[in-house]
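Chains, contacts and geometry: an overview
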Number of protein chains: 4
Amino acid sequence: MAGTSLVAESTRSRASRLDQLWSSIADAGRELLRRRLGPRRRAVELLCRELLSVRGEASTLALARELVETWRGMSAEERAAFLRLLAVEFGPDLGAVRRAAEAFVHQPGPRTLAELRRVGEAPRVELFRRMNTAPGGTRAIVELRAELLRAMADDPAFAELDRDLLALLATWFNPGFLTLTRIDWGSPAALLEKLKGYEKVHKLDSLEAFKRRLAADRRCFAFFHPVLPEEPLIFVQVALTRGLADRIGPLIDPNEPVAAPSEADSAIFYSISNCQDGLKGVTLGNFLIKLVVATIQADLPRISRFATLSPVPGFARWLSAELEAGTAPIVEAERELLERLGEPGWHLDGELTAALEPVLTGLCAWYLLRARRNGKPIDPVARFHLGNGARLERINWLADTSPKGLAESHGLMVNYAYDPARIEQNHELYVEGELVHARAVERLLAARERIVERTLPAVVQANAS
Amino acid sequence: MAGTSLVAESTRSRASRLDQLWSSIADAGRELLRRRLGPRRRAVELLCRELLSVRGEASTLALARELVETWRGMSAEERAAFLRLLAVEFGPDLGAVRRAAEAFVHQPGPRTLAELRRVGEAPRVELFRRMNTAPGGTRAIVELRAELLRAMADDPAFAELDRDLLALLATWFNPGFLTLTRIDWGSPAALLEKLKGYEKVHKLDSLEAFKRRLAADRRCFAFFHPVLPEEPLIFVQVALTRGLADRIGPLIDPNEPVAAPSEADSAIFYSISNCQDGLKGVTLGNFLIKLVVATIQADLPRISRFATLSPVPGFARWLSAELEAGTAPIVEAERELLERLGEPGWHLDGELTAALEPVLTGLCAWYLLRARRNGKPIDPVARFHLGNGARLERINWLADTSPKGLAESHGLMVNYAYDPARIEQNHELYVEGELVHARAVERLLAARERIVERTLPAVVQANAS
Amino acid sequence: MAGTSLVAESTRSRASRLDQLWSSIADAGRELLRRRLGPRRRAVELLCRELLSVRGEASTLALARELVETWRGMSAEERAAFLRLLAVEFGPDLGAVRRAAEAFVHQPGPRTLAELRRVGEAPRVELFRRMNTAPGGTRAIVELRAELLRAMADDPAFAELDRDLLALLATWFNPGFLTLTRIDWGSPAALLEKLKGYEKVHKLDSLEAFKRRLAADRRCFAFFHPVLPEEPLIFVQVALTRGLADRIGPLIDPNEPVAAPSEADSAIFYSISNCQDGLKGVTLGNFLIKLVVATIQADLPRISRFATLSPVPGFARWLSAELEAGTAPIVEAERELLERLGEPGWHLDGELTAALEPVLTGLCAWYLLRARRNGKPIDPVARFHLGNGARLERINWLADTSPKGLAESHGLMVNYAYDPARIEQNHELYVEGELVHARAVERLLAARERIVERTLPAVVQANAS
Amino acid sequence: MAGTSLVAESTRSRASRLDQLWSSIADAGRELLRRRLGPRRRAVELLCRELLSVRGEASTLALARELVETWRGMSAEERAAFLRLLAVEFGPDLGAVRRAAEAFVHQPGPRTLAELRRVGEAPRVELFRRMNTAPGGTRAIVELRAELLRAMADDPAFAELDRDLLALLATWFNPGFLTLTRIDWGSPAALLEKLKGYEKVHKLDSLEAFKRRLAADRRCFAFFHPVLPEEPLIFVQVALTRGLADRIGPLIDPNEPVAAPSEADSAIFYSISNCQDGLKGVTLGNFLIKLVVATIQADLPRISRFATLSPVPGFARWLSAELEAGTAPIVEAERELLERLGEPGWHLDGELTAALEPVLTGLCAWYLLRARRNGKPIDPVARFHLGNGARLERINWLADTSPKGLAESHGLMVNYAYDPARIEQNHELYVEGELVHARAVERLLAARERIVERTLPAVVQANAS
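Looking now at the overall build of chain A. Scanning chain A from terminus to terminus reveals 21 helices and 10 strands. In chain A, which comprises 465 residues, the proportion classed as buried is 54%. In the structure as shown, chain A presents an accessible area of about 20100 Å², 52% of it carried by carbon and sulfur atoms.

All names here are of chain A. Per-residue pLDDT for chain A has a mean of 87; in total, 87% of the residues score no lower than 70. A low-confidence stretch, residues 1-26 (pLDDT under 50), is modelled with 29 contacts involving residues beyond four sequence positions or located in other chains. Per-residue pLDDT stays below 50 along residues 459-465; that stretch engages in 11 contacts with residues further than four places along the chain or on separate chains. In the predicted assembly, ipTM is 0.84 and pTM is 0.87.

Right, let's get into the domain arrangement of chain A. All names here are of chain A. Taken as a whole, chain A is organised into domain 1 (22-172), domain 2 (175-308) and domain 3 (311-464). Residue-level contacts link 12 residues of domain 1 with 12 residues of domain 2. Summing the contributions of domain 1 and of domain 2, the shared interface buries around 940 Å²; its carbon and sulfur component is 62%. For the domain 1 face of the interface with domain 2, the top three residues by lost area are Arg139, Val142 and Trp172, together amounting to 42%. Taken together, the connections running from domain 1 to domain 2 amount to two salt bridges. With its nearest N and O atoms 3.4 Å apart, the salt bridge here joins Arg150 to Asp277. Between domain 1 and domain 2 we count five residue pairs in polar contact (both at pLDDT 80 or more) in total. Broken down by element, the side of domain 1 that touches domain 2 gets its largest block of residues, seven residues, from helix H8 (residues 137-152).

Attention now moves to helix H14 (residues 285-299) of chain D. In this model, H14 of chain D (15 residues) spans 21 Å end to end at C-alpha, consistent with the 21 Å of a helix rising 1.5 Å per residue. When H14 of chain D is considered as a whole, its buried residues turn out to be Gly285, Asn286, Phe287, Leu288, Ile289, Lys290, Val292, Val293 and Ile296 of chain D.

Another point: the environment of Glu89 of chain A. Residues and elements named next belong to chain A. Position of Glu89 relative to the elements: it lies in helix H4 (residues 76-89). The exposure class assigned to Glu89 is buried, which follows from its relative accessible area of 15%. Glu89 sits 33 residues away from Ala122 along the chain, and the two C-alpha atoms are 9.7 Å apart.

The residue His410 of chain A is not glycine, and still its phi comes out positive at about 50°. Tracing the backbone through its elements, the reader meets His410 of chain A in the loop between helix H18 (403-409) and strand E10 (413-417). Here the phi dihedral of Asn374 of chain C falls at roughly 55°; this positive angle occurs in a residue that is not glycine. According to the relative accessible area criterion, Asn374 of chain C is exposed, its value standing at 73%.

This part takes up the packing of aromatic side chains. If you walk through the whole model with that rule in mind, you get 24 aromatic pairs over all chains. With 6.2 Å between their ring centres and 25° between their planes, Phe315 of chain B and Trp318 of chain B make a pair best called stacked. Of this pair, Phe315 of chain B and Trp318 of chain B both sit in helix H15 (residues 315-325), three residues apart, which is roughly one turn of the helix. Both residues of the pair, Phe315 of chain B and Trp318 of chain B, count as buried. The interplanar angle of 40° and the centroid separation of 6.1 Å between the aromatic rings of Trp346 of chain C and Trp397 of chain C together place this pair among those described as tilted. A residue pair is termed long-range when its members are at least 10 positions apart, and Trp346 of chain C in the loop between helix H15 (332-339) and helix H16 (350-370) and Trp397 of chain C in the loop between strand E9 (391-396) and helix H18 (403-409) qualify at 51 residues. For the pair Trp346 of chain C and Trp397 of chain C, a shared accessibility class is recorded, and that class is buried. By the ring-pair criterion, three or more aromatic residues cluster together here, those being Phe315, Trp318 and Tyr367 of chain A. Just above the ring of Trp366 of chain C sits the side chain of Arg370 of chain C; from NZ or CZ to the centre is 4.8 Å. Over the aromatic face of Trp71 of chain D sits the side chain of Arg79 of chain D, whose NZ or CZ is 4.0 Å from the ring centroid.

Two side chains bearing opposite charge may form a pair once their charged atoms approach each other closely. All names here are of chain A. Counted according to the given criterion, the structure contains 108 salt bridges over all chains. In this structure, Asp162 and Arg145 form a salt bridge, with 2.6 Å as the shortest nitrogen-oxygen distance. With Asp162 in helix H9 (residues 159-172) and Arg145 in helix H8, this pair connects stretches of sequence that are 17 residues apart. Among the charged side chains, a network of salt bridges with common partners joins Glu121, Glu126, Arg129 and Arg130.

This part is about the pairing of strand E4 (residues 266-274) of chain C. All names here are of chain C. Most of E4 is tucked away, with seven of its nine residues classed as buried. Examined bridge by bridge, strand E3 (residues 234-241) and E4 share eight bridges and lie antiparallel to one another. Residue pairing in the sheet places Thr241 in a bridge with Ser266 of E4. Two elements, E4 and strand E5 (residues 305-308), share four bridges in a ladder whose sense is parallel. The residue bridging Ile268 from the neighbouring strand is Ala307, located in E5. For the segment spanning E4, helix H13 (residues 285-299) and E5, crossover handedness is right-handed.

The next subject is the pairing of strand E3 (residues 234-241) of chain D. Residue and element names in this part refer to chain D. Within E3, eight of the eight residues are buried, which leaves the element mostly enclosed by the surrounding structure. Burial along E3 is two-sided: Ile234, Val236, Val238 and Leu240 facing one way and Phe235, Gln237, Ala239 and Thr241 facing the other are all buried. One ladder, built from six bridges, connects strand E2 (residues 218-224) with E3; its direction is antiparallel. Each bridged residue has a counterpart across the sheet, and for Arg219 the counterpart in E3 is Val238.

So, on to the side chain of Arg218 of chain D. Residues and elements named next belong to chain D. In this fold, Arg218 is placed in strand E2. Looking at Arg218, the relative accessible area reads 3%, which means it is buried. Within polar-contact distance, the side chain of Arg218 engages the backbone oxygen of Leu251 at 2.8 Å.

Residues and elements named next belong to chain B. Looking at the secondary structure, you find Gly91 in the loop between helix H5 (76-89) and helix H6 (94-106). For the pair Gly91 and Ala122, spaced 31 residues apart in sequence, the C-alpha separation works out to 4.6 Å. Once residues within four sequence positions are removed from consideration, Gly91 is found in contact with Leu86, Ala122, Pro123 and Arg124.

Rules used throughout
- Residues numbered from 1 in each chain as written.
- Chains lettered and ligands numbered in written order.
- Predicted model: local features only at pLDDT ≥ 70, side-chain atom pairs only at ≥ 80, totals over all residues.
- Heavy atoms only, no water.
- Helix = DSSP H or I, 4+ residues; strand = E, 2+ residues; numbered from the N terminus.
- Buried < 20%, exposed > 50% of the residue type's maximum accessible area, 1.4 Å probe, protein only.
- Areas by Shrake-Rupley, 256 points an atom, 1.4 Å probe, with all protein chains shown as cover.
- pLDDT = per-residue confidence, 0-100.
- Contact = heavy atoms within 4.5 Å.
- Domains from an automatic or database assignment.
- Buried area = accessible area lost by both parts, 1.4 Å probe.
- Salt bridge = Lys/Arg side-chain N within 4 Å of Asp/Glu carboxyl O.
- Polar contact = N/O pair within 3.5 Å; in protein donor to acceptor, adjacent residues only side chain to side chain.
- Expected span 1.5 Å × (residues − 1).
- Phe/Tyr/Trp six-rings, centres within 6.5 Å; stacked < 30°, edge-to-face > 60°.
- Lys NZ or Arg CZ within 6 Å of the ring centre and 35° of its normal.
- Pairing = 2+ DSSP bridges.
- Right-handed = clockwise from strand over helix to strand, strands pointing away.

Below is the structure:
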């Protein structure tokens, strides 16, 4: 970076040329803005400017309230235009940043650094801080980011705005400010209805179906922020079982008999769901899991094992791609067997499943431990839990035979174990590229390796790198 | 700043020379640190480094808790040493900032700006964010800043650390996250005891004395942050009166009869106290006043006037200095009269007070409106309320005859009026250098001007600039 | 009573003969008891005796707790036996009562009256008072009475026990001790599930269906007793409408659009349900209605009309009996028309309903106002609301075409209006035998009278008496 | 009773004569009433009659509210007159009771018994029940009884009314309806202020002094009724100590250092105060003590001993009377020593106290165990705790040297021990006339007996009977 600064063109002139480029992009944005937000645009922009002005200081509360209400009343199109306004007109003043950067380079010290940081922060950040003083301000800003993330698919120019929002929300939603709340059948129906809607992993048909998941042998916890007392941020569902659960069916069956929690030795985290799109990227899940582990330990000292029962969402897709590319770690004889996965109801055919089990569990171990990108597992769930300090504990055969479970992971599910004493060390190994896993999983992987090594050494090599 | 960059010495070499200077200061700090924190230093520093490390990510909660507990257990000397550690070892890497600044100057754009901002943030900021995840984390950080502010008097090198802390706390204690709580005699005794301790303006002898200030004709409100439910941040005491109160005595007399709130037409803010030293500089007072005005308006629609009854804490000191320097806006004949202010009990001598009243109230008007620094009133209370959009409404003679009142402001008190419809405009005028005041105050000032113009035009000129 | 005392047989001997009779009945009960409660009987009886004894005074809490737990663990048969034990063994000592009565007659005065009252109270009343000191005691006693009422159908000997329980429960559940709670979608799911089960009038399929009944244009209130915070005692569902609702359909349709409550001028009480069988006979409903009227008036001053939309549960049965007996107030020509009520789907035949409307609404008016027992309407709902001070406001045609509505009341429903200013007077007239009703209802009745007077004067006479 | 019925005069005529007598008393009361309550009397009486009438049924709530407000507005004299109205005009109809009694004697059975009970209940009982439906009704009735008890000193005719009120209040304030609340420094100041006022045993100077009694090594609990959430009914103060406390000084000294509760092995109940005069006679204290013992046991399992540190309020008075009467269980030689108790500061004279200790502690043991009325100790505190199942554990010398302590009990205090396992048995023995006490107390008593037996056998005989 700094090493490339000795270019022919003077820094100054080059920078100003780039500034012009940047400006012209912004100008285009403004034109677009004018067309979309129409007459309303001026009013909203003026409101924002006023809130940021000297005059605004005295009436932050009133102006912030007006801005929040304006946001609430906007149509989808107006909201999109407003986001563009924030992205284009309320970013940092690059000229000022450059001047401050030069001053710092010339004379590095506290004063120049402070100035550099001051101008480096986009004015919209202060705008959001002031907007937040209004009732419902926090909620509006979370919504605003949710809309931004939806819009971003169309337009990568919003990335800068998103970075500012994410940094601000991460600071505001610091885990130290959140409350962990136990959810049960005595919780408000309105809250349960919301959670039911947010549950994407193992969907709920009705509130009555939810009741079973809140019975004596279950635990459900959510994070809340004090200013959003009716909006759960993330929640986790836990089953108290004897032994690690190896199938999802009994855990989500509303008619399963309720077990005595005093007899349980394991806590199975079988569903964890984010609730607020606008908080994407704000780290909540790993804090939630760890706090819930600690809470259950304190409450039920007999529980000694903590593990998830998780889907392997990318497995079927990965396998199919590998098969197509001819790079799957199988021997030719297995290909025909795997093709039978396309037959409806294959999982009900005992003979077939007996033949498939060793092949698929081995392939799954391979997928989870060997299929990586930048050294990390490509499976998102594995990435989350292993990166979070869990251990890949067990691969469960015919564990989720729902249509989705069969389609995405050929019915397999995985236990990731959270051993409080090992979490830190596992995480550190993960950072260094090692995925901690149980001996049983190692055996599955080794068996697969032995099979393919004899026949497909090249593939193995390629894949393992 | 940037304008001074065309120096002979190359930016590069000069910067590196400054870096060395900076480094040597830091080294000195380290040496000091070593001596003071002793063997414990290594442990604390390691803990901080670990909390910031990759390994720390997995066990933020545990490490943060340990750090908070370590902080709590530290002696005063160890705390001072820890603050120094944070100031010296966890500041931004100036070399990295310079490189990022150069890269930005060379190629201004989102990526270089993001990098510049990333390295511009001191690592301790992330350290505080992680420390905050622990129970009691927020409180510890507020305490930490309180200690820092106490220590800063001795050592200006802490300013950078303070800037980071203030920015973080201002974001965390955004008014949108605070709750306004009414305090009354049904509030917890422990809370009332705390407030009694925080009340510095008109001290309270006992909880029983506090009771009168919480009776039916009073209101008391405090701001709280949800994670510090037992720690008020700031609180205000209000009396509901008929007409603007012109003396503090009846408002703080525990034996004053309780009036019917339904008969009141005015709300007098007679005491506002910050409770947390660690939040100095975080704007809370003006939000509190405005929210309380709105709350009382909604609750008691008959109340139409909102004003403070405030001390003039710098008046006596200012007058004494002006008299000594011979620049006081008085005529010679008044000097003798003013000297009698040194006589004990002067305020009880009816003849004397009758003679003093026009002189002192005029001088006070002069002091509040003319005695400025950078265009702002030098009186801190005037600066706060006028800057906050209030109007200087009335100067009250013999309004506070307590020893402190006599010593600091020769017994004068001021009403600053908060007219919700004018706040914004008043504030704007204030920014432009105009101090909005009532006609009665204008008359006091004009009378004084007429007196001194005849005799001391030079002084007036000098003072008014 | 006293006037019949001059019988030949001496009071003394006669009484002792009756005592023997009474005793032999009790003895039979005891024998039964012995057989049913078996070995456990002794234990339970001993526990009760101990709780009532001198020794019990010191450990009431422990013994009460044991008794409550014993009750909870009893099978249905054991409970029945326990009720018999209470009825037979813990009633008043009739010999003692007689002696006290004689003493009082001999020497009426405060002391003899006190003694008479002391022995007149069954020991089981004190037993219940002591049992109530245990956690869950109140609940157990309410359950005990519910079981008693179920058992009473079989055995009228329980009446005395029931009288004691009812008197005690009426004192304990005095409205002054109850809290009126608004129920909405933010109420605990467990509570809504219970209410859903208790709603007998217009059944609820699911919690989701309940949600519509708790929307912005609805109100739902329940009475609770502080020691039973999870057990609603009685609840009422109210719809806020423009004009008096004349059909139940829209009020219970989950898909009906939500109206703005600010536009409503009427509050329609469309369902009121008792929740605790054990509190039968404890007056709750009229207090609930009146408190809810007052609450809604305070909350929504625009609401000026309060009325029910009620079923006429006995109408079809009454009409059918009258028709069979030949005493229905109809003319012969109408009989054929009324027979068509037996045809399925009659209510969908416009021509038929047009012909039936005047006949059935007139008959309904007749039924509500003329069909009486002891001067009170035989329709239980009419008896409740008219006795409660309401006015029979309107009879609504084709108002409830559900199978139950058609079967019980030929689709008719009634508005009973609660005019706060008239309630007292209406009630007083009711006590004197007058059923207050609106002019429209009077017209329906008068029309019917005109029709039948011409042809069936005898019937009318007979019926009206 | 019944045995005396065969008198010459016929029951009938005699009864009617008594009725006349009774009536004339009532008439006199009425006259008095007329004079005192004056014109207002009619209004209040009418209101009561209306509330009890048929018409009142429909508007109980409104009339009850009016009656409660009328009560609140009454002057002391009007209240006294109102109590007389209730006593005289709303008692049972004695004629009706006599008729019902005769009917029952003639034909004892459920129906006649029910009628007897119905007319045996004074109409004012139903009046209170209806009055209770109003907001503040319960509080008004408790106040009403408090005023009645104050008035009763003057006029024993109120006894009947009091019996009705006590029975009703005992049913309403059944311990099963009360909540046990821990009081600490976080409790509302208004509540602490009330408790401070109710503390009669060891008075509190200020709220700040109360703080020490709510510190970590203390516990304070109160009973509340749900409808009187701001009115404590009774409260107890407990100190957690090592060993049984033998002096009150350290327990009530605001400057005593706070001990670690984890080190305590004993819980000392050093003050128990009733708060509501109107609930005199309603058993609350023994339930409170037992619940607090259970609560502390659950909370702090290391606490194994529960005892009071109680005054001996009647000791000095008893001793003085016995000395005067010459019946004190002393030998002549001791008389002179005891006379020195009249010297101020005697308790500071080491030689004197050494001589007095064996005499006074022995006399105190004698007083507590031997001085009885109806077989019960005459000391009220001993009667309460021993009757409650406690054991007289220890007599403490120089345990309360406050002026009151010296005056009432010559500085002695007593520990009554509550051993949860023995409470019931101790109580039973108490009922049988045995006062359970520790061996040490037995030794004190025996020593005294040996001394006096030799010289004053007659006195001992007389006293022990």
